[in-house]
Amino acid sequence: MSLIEINEVRKSFGTNEVLKGITIAIEPGEVVAVIGKSGSGKSTLLRCINGLESIDAGSITVAGAQLRPDEAHLRQLRLKVGMIFQQFNLFPHLTAGANVMLSQTVVKKTPKGEAERIARAMLDRVGLAEKFDAYPDQLSGGQQQRTAIARALAMQPIALLCDEITSALDPELVSEVLAVVRGLAADGMTLVMVTHEMKFARDVCNRVVFMHQGRVHEIGPPDKIFAEPATPELQQFLGVQS
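- Per an unreviewed UniProt entry, the chain carries the name Amino acid ABC transporter ATP-binding protein and comes from Bradyrhizobium jicamae.
- Per its UniProt entry, the chain bears the Subcellular location (unreviewed entry) comment "Cell membrane".

1. Quick look at the sheet that holds strand β6 (residues 81-84)
- One open sheet accounts for six strands, arranged β6-β7-β8-β3-β9-β10; its pairing is mixed. Two strands lie at the open edges of the sheet, namely β6 and β10 (215-220), each paired on one side alone. On average, adjacent strands in this sheet sit at an angle of 20° to one another, irrespective of strand direction.
- As judged from the five bridges shared by strand β9 (residues 207-212) and β10, these two strands associate in the antiparallel manner. Within β10, the residue paired with Met211 across the bridge is Val216.
- Strands β6 and β7 (159-163) of the sheet are contacted by helix α2 (residues 71-80), whose axis makes an angle of about 75° with β6.
- Lying on the sheet, helix α6 (residues 171-186) is in contact with β3 (31-35), β7 and β8 (190-194); it crosses β8 at an angle near 145°.

2. What to know about the domain arrangement of the chain
- When the domains of the chain are assigned, the result is domain 1 (21-73 + 159-242) and domain 2 (90-156).
- On a C-alpha basis, the centres of domain 1 and domain 2 stand 25 Å from each other.
- With 11 residues of domain 1 at the contact, the number on the domain 2 side is 11 residues.
- Taken over both partners, the interface formed by domain 1 and domain 2 buries close to 870 Å², and the fraction arising from carbon and sulfur atoms is 73%.
- For the domain 1 face of the interface with domain 2, the top three residues by lost area are Glu176, Val180 and Leu184, together amounting to 42%.
- Where domain 1 meets domain 2, there are two salt bridges.
- At the junction of domain 1 with domain 2, the criterion picks out four residue pairs in polar contact (both at pLDDT 80 or more).
- Of the residues that constitute the side of domain 1 that touches domain 2, the class distribution is nine nonpolar, no polar and two charged.

3. Some points on the state of the cysteines
- One pass over the structure, following the stated rule, counts zero disulfides.
- Between Cys48, a cysteine without a disulfide, and Cys162, which holds the nearest cysteine sulfur, the sulfur-to-sulfur distance is 17 Å.
- Cys205 takes part in no disulfide bond, and the closest cysteine sulfur to it belongs to Cys162, at a distance of 9.8 Å.
- Classification of Cys205 as buried rests on a relative accessible area of 7%.

4. Looking at the nonpolar core
- In terms of nonpolar packing, the biggest core is built from 46 residues, with Ile84, Ile149, Leu153, Leu160 and Leu191 touching the most fellow members.
- Here this core gets eight residues from one element, more than from any other, and that element is α6.
- Two domains each provide a minimum of three residues to this core, namely domain 1 (21-73 + 159-242) and domain 2 (90-156).
- In terms of nonpolar packing, the next biggest core, distinct from the first, is built from 27 residues, Leu3, Ile49, Ala159 and Val192 among them.

5. Details of the sheet that holds strand β2 (residues 16-26)
- Strand order in the open sheet made by the four strands is β2-β1-β4-β5, with antiparallel pairing throughout. Single-partner strands in this sheet number two, and they are β2 and β5 (65-66).
- For strand β1 (residues 4-13) and strand β4 (residues 57-62), the ladder comprises five bridges, and the chain directions are antiparallel. Bridging across to β4, Glu5 finds its partner in Thr61.

Each value, and the rule that gives it
- Residues numbered from 1 in each chain as written.
- Predicted model: local features only at pLDDT ≥ 70, side-chain atom pairs only at ≥ 80, totals over all residues.
- Heavy atoms only, no water.
- UniProt positions renumbered as here; feature names shortened; annotations may be inferred.
- Pairing = 2+ DSSP bridges.
- Helix = DSSP H or I, 4+ residues; strand = E, 2+ residues; numbered from the N terminus.
- Axes fitted to C-alpha atoms, helices over the stretch in contact; angles between N-to-C directions.
- Contact = heavy atoms within 4.5 Å.
- Domains from an automatic or database assignment.
- Buried area = accessible area lost by both parts, 1.4 Å probe.
- Salt bridge = Lys/Arg side-chain N within 4 Å of Asp/Glu carboxyl O.
- Polar contact = N/O pair within 3.5 Å; in protein donor to acceptor, adjacent residues only side chain to side chain.
- Nonpolar A, V, L, I, M, F, W, Y, C, P; charged D, E, K, R; others polar.
- Disulfide = S-S within 2.5 Å.
- Buried < 20%, exposed > 50% of the residue type's maximum accessible area, 1.4 Å probe, protein only.
- Core = buried A, V, L, I, M, F, W, Y, C linked by side-chain atoms within 4.5 Å.

Put into structure tokens, the structure is as follows:
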């Protein structure tokens, strides 16, 4: 069984149908890039997988458990599937270490000593071991995003959803965040990434999903998607002359 199974998922906001029957299966350890124009439904898809948006039709199954809208099921889902956003969403009055500890102690009821041990290990994993006591305003944007990744990892998820996690960063900071994600991929973490970093998608991802107007328009290995785009829409998106 696939780790994440998305079957004929539909989602509308008012009269605007944003997802028009999405079907994708994601295997354990797979790194999947989701690309496409703004408004194609990419971020909405991630938010549906994590239960942040309810779906109108279809089904989503994570590790054999079907996504249901009640709070108990959603809480269990979010323990399994972490999400990292464009914005870092760190609490400014808490240190990096305390930000990473917070969800552990509140959601998982992890004892403080154990939560601190995990937080230090996760900050070390993203290259920020020395920033445990630093406040967000003392960190660069890239360091804040890496702290957000450490916070997600501290919950020991089976998959991570990354929604344009470099788009709010200055160009010189993008590489340090992508290096962390590259390391997670190498370690076997299941990753679903909405990204505009095409070189990263080509180099690191197992499959690329091209979404267009709320549908999966093309899907395949990076070499095929980038070298042989089959539709005019993907050719145009990649800047390829047909």
